[in-house]
Amino acid sequence: MSAAADRIASLDNLPAEELCIQAETALQALVTIMNEETTLLRAGRFRDAGGLTAQKTQLAQDYVVFARSVQRQTERLSTEAPTSLDRLHKNHDSLATQMAENLRVIATAKTLAEDLIVDVADTVGQKDRTRTYDRTGEVKMPRTASARGITLNRAL
């Protein structure tokens, strides 16, 4: 048996109450770090928020392992620890709420950063504008030419 299979089996064999408690602990840790990240992003402390990424990723992976075990053991848990299972479901709803808020703040920060970069590119590009008039008597320069040397990765 592989290490992953051993871990899955050990979780599935935990007493119902203990499995729910461990899953709830992992869930609360994930909600807490996501809340911290959201707070930092709102405050404009992007570097500090970025520093939480590895820890948030690990906590999310841990929670997913517990959540899958709970899914596999739902029938047993609903019989042996119904109160703990209900509490876990309610806490899972708080994770969904926190994730939605976190994603909204991240999207806002991303949009703000893109707008800032475009504004900087436009300002820098204005220095390179031509100083002569075209046939219509206007000074024109395509927008794409105004952002030399500044790029924006929209894949993020």
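Residues numbered from 1 in each chain as written. Predicted model: local features only at pLDDT ≥ 70, side-chain atom pairs only at ≥ 80, totals over all residues. Heavy atoms only, no water.

A count of helices and strands for the protein chain gives six helices and zero strands. Relative to its 156 residues, the protein chain shows a buried fraction of 28%. Long-range pairs, those at least 24 residues apart, make up 72% of the contacts in the protein chain with a sequence separation of at least 6. For the protein chain, the accessible surface area stands at approximately 10,500 Å², while carbon and sulfur atoms represent 56% of it. (Helix = DSSP H or I, 4+ residues; strand = E, 2+ residues; numbered from the N terminus. Buried < 20%, exposed > 50% of the residue type's maximum accessible area, 1.4 Å probe, protein only. Contact = heavy atoms within 4.5 Å. Areas by Shrake-Rupley, 256 points an atom, 1.4 Å probe, with all protein chains shown as cover.)

Glancing now at the confidence of the model for the protein chain. Summary statistics for the protein chain give a mean pLDDT of 82 and a share of 80% for residues scoring 70 or more. When the elements of the protein chain are averaged for pLDDT, helix α1 (residues 3–12) gives the smallest value, 75, and helix α2 (residues 16–42) the largest, 93. (pLDDT = per-residue confidence, 0-100.)

Any two side chains of opposite charge can pair if their charged atoms end up close together. Taken as a whole and assessed by the stated rule, the structure comprises eight salt bridges. A salt bridge links Lys56 to Glu37, with the shortest nitrogen-to-oxygen separation between them at 2.8 Å. Here Lys56 is found in helix α4 (residues 53–72), whereas its partner Glu37 is found in helix α2, with 19 residues between them in sequence. Both residues of the pair, Lys56 and Glu37, count as buried. Residues participating in the shared-partner salt-bridge network are Arg42, Glu101 and Arg104. (Salt bridge = Lys/Arg side-chain N within 4 Å of Asp/Glu carboxyl O.)

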